[in-house]
Amino acid sequence: MQAVAENIGFDVMAVRKQFPVLTRMVKGKPLVYFDNAATAQKPQAVIDALDNYYKLHNANIHRGIHSLAEEATAAYEATRDTVQHFINAPQREEIIFTRGVTESINLVAYTWGRTNLKAGDEIIISGMEHHSNIVPWQLIAEMTGAVLKVIPVTENGELEMEVFYTLLSTKTKLVAIVHASNSLGTINPVKEIIVAAHAKGAVVLVDGAQSTVHLDIDVQDLDCDFFAISSHKVYGPTGTGVLYGKTVLLEAMPPFMGGGEMIKDVSFEKTTWNDLPYKFEAGTPNIADTVAFKAAIDFVNSVGKIAALNYENDLLQYATNQLEQIDGLRIVGKAKHKVSVASFVIEGVHPQDIGILLDNQGVAVRTGHHCTQPLMHRLGLPGTIRASFAMYNTKEEIDVLIAALTKAIKLLR
Ligand code: PMP
């Protein structure tokens, strides 16, 4: 497949070369991978880091005094430093390793939420949240008597900010908001939300599952209290991720899970907690994947986030224009600011049937509710077809999608 990068300074073919999976065939056709919002593919550097770790350095971390334990610990802790710089966190102790965004949000819900929320307090989320940023708050609301409030979403897929301001009050203790919607691509005005929430004394958690790979993240500039990241959406391995939290909040929170590593001293009478970040990292963590996450961030930094973002915006624009030419196709989510997600429905055909027919032509898209059922209910849809683009995708691949879609629609109508 030939592709020419039109963006000066962005060589898509050089990027593609680093992703071995992109050379494979699916159902006899070259793979076109447009399911990046679900999980991104991995560059060779990440695969090598995993391989290298298990081949040469595997050991348990932090307590061993032998060489392998020291090497494994250094590699694991190096990822913490890399993440700290990647999101401009003030201190490395504010980077807590988790399994990903879901665990990061649950950590905040079960520690900060359980200790700080009481009956009548309010939690504000939005109508476009992933189930991961709804269900933990429902569970905590049930336990504490707190009340969940929801910022409505417009037909275009943007937050109704006027309503947000009416929901916000001194009863609001937490705002938990998605930075970029996985279903629609909408980039939410999180900075404005944070300023307003802080003015009422509320803390703000930002779900960065979709934004971290596309946008420059600066937690000091955002001034968010918590920020959640999944490695696997940022070209890193599955099963690892990050919770960033402000020290003052993390220090005051009780531990999430009890076990090894998170303690300072254990006796049957009294156990004391370890310092940050270890207080929240009970048990043997996902060492290898966390070590390899550093290679993913190094890869993103080597390409440059701004160059990649400009390129992805170009892809989104191209795809949107092409998709809109298809008879009966409607783009779902027309926010002014979007990451590279094109969600759409096609009159008279079920998204799932389209997904299967596209796969037969080597094109991987996601169909369904994308773990945002309340959003789908709001939009009156059972689901959408979602093509989400990464920096290794090309306009030629979008042409393949368009041709495959046209063929599929003919078959289904
Ligand atoms: N929030 C959003 C916006 C997401 O897109 C996802 C993943 N689809 C999650 C949360 C959950 O992330 P993970 O499954 O990596 O924990």
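Residues numbered from 1 in each chain as written. Predicted model: local features only at pLDDT ≥ 70, side-chain atom pairs only at ≥ 80, totals over all residues. Heavy atoms only, no water.

## Here's the deal with the side chain of aspartate 35
Part 1 of the argument: Along the polypeptide, aspartate 35 turns up in the loop between β3 (32-33) and α2 (44-57).
Part 2 of the argument: When neighbours within four sequence positions are excluded, aspartate 35 is seen to be in contact with Ala364, Val365, Arg366, Arg386 and Ser388. (Helix = DSSP H or I, 4+ residues; strand = E, 2+ residues; numbered from the N terminus. Contact = heavy atoms within 4.5 Å.)

## Observations concerning the pattern of salt bridges
Part 1 of the argument: This model, assessed by the stated rule, comprises 21 salt bridges.
Part 2 of the argument: With a closest N to O distance of 2.8 Å, arginine 80 and glutamate 281 form a salt bridge. Taken as a pair, arginine 80 in helix α3 (residues 67-86) and glutamate 281 in the loop between β12 (271-273) and α10 (287-303) lie far apart in primary sequence, 201 residues in all. Accessibility assignment for this pair places arginine 80 and glutamate 281 in one class, buried.
Part 3 of the argument: Note that glutamate 155 is salt-bridged to arginine 378, the shortest N-O span being 3.1 Å. In this pair, glutamate 155 sits in the loop between β6 (147-151) and α6 (161-167) while arginine 378 sits in helix α13 (residues 373-379), placing the two residues 223 residues apart along the sequence.
Part 4 of the argument: Given the relative accessible area of 36%, arginine 378 is considered partly exposed. (Salt bridge = Lys/Arg side-chain N within 4 Å of Asp/Glu carboxyl O. Buried < 20%, exposed > 50% of the residue type's maximum accessible area, 1.4 Å probe, protein only.)

## A closer look at the sheet that holds strand β5 (residues 122-126)
Part 1 of the argument: The strand order β4-β10-β9-β8-β7-β5-β6 describes an open sheet built from seven strands, whose pairing is mixed. In this open sheet, the two edge strands, each paired with only one partner strand, are β4 (95-98) and β6. Pairwise comparison of adjacent strand axes, ignoring direction, gives a mean angle of 20 degrees for this sheet.
Part 2 of the argument: With five bridges joining them, strand β9 (residues 226-230) and strand β10 (residues 241-245) adopt antiparallel strand pairing. Opposite serine 230, over in β10, you have glycine 241 as the bridge partner.
Part 3 of the argument: Of the strands in this sheet, β4, β7 (172-178), β8 (203-207), β9 and β10 touch helix α4 (residues 101-116), which is tilted by about 150 degrees from β9. (Pairing = 2+ DSSP bridges. Axes fitted to C-alpha atoms, helices over the stretch in contact; angles between N-to-C directions.)

## Digging into the packing of α2 against α3
Part 1 of the argument: Contact geometry for α2 and α3: axes closest at 10 Å, N-to-C directions at 160 degrees. What the angle tells us is that α2 and α3 run roughly antiparallel. In this structure, α2 meets α3 at a crossing whose hand is left-handed. Counting all contacts with α2, which are made through Tyr53, Leu56 and His57, the residues of α3 involved are Leu68, Glu71 and Ala72.
Part 2 of the argument: Of the residues contributing to the contact of α2 with α3, the split by class is four nonpolar, one polar and one charged. (Parallel < 35°, antiparallel > 145°, perpendicular 65-115°, else oblique. Left-handed = near helix turned anticlockwise from the far one by under 90°. Nonpolar A, V, L, I, M, F, W, Y, C, P; charged D, E, K, R; others polar.)

## As for the domain arrangement of the protein chain
Part 1 of the argument: Considered domain by domain, the protein chain is made up of domain 1 (12-39 + 304-412) and domain 2 (48-301).
Part 2 of the argument: Each of domain 1 and domain 2 has a C-alpha centre, and the two are 28 Å apart.
Part 3 of the argument: When the two sides are added together, the surface that domain 1 and domain 2 hide from each other amounts to roughly 2,900 Å², 55% of it contributed by carbon and sulfur.
Part 4 of the argument: Summed over the three residues of domain 1 that lose the most area to domain 2, namely Lys305, Val339 and Leu375, the buried surface amounts to 24% of that side.
Part 5 of the argument: Linking domain 1 with domain 2 are one salt bridge.
Part 6 of the argument: Between the two partners, domain 1 and domain 2, sit 24 residue pairs in polar contact (both at pLDDT 80 or more).
Part 7 of the argument: Counting residues per element, the side of domain 1 that touches domain 2 draws most heavily on α13, at six residues. (Domains from an automatic or database assignment. Buried area = accessible area lost by both parts, 1.4 Å probe. Polar contact = N/O pair within 3.5 Å; in protein donor to acceptor, adjacent residues only side chain to side chain.)

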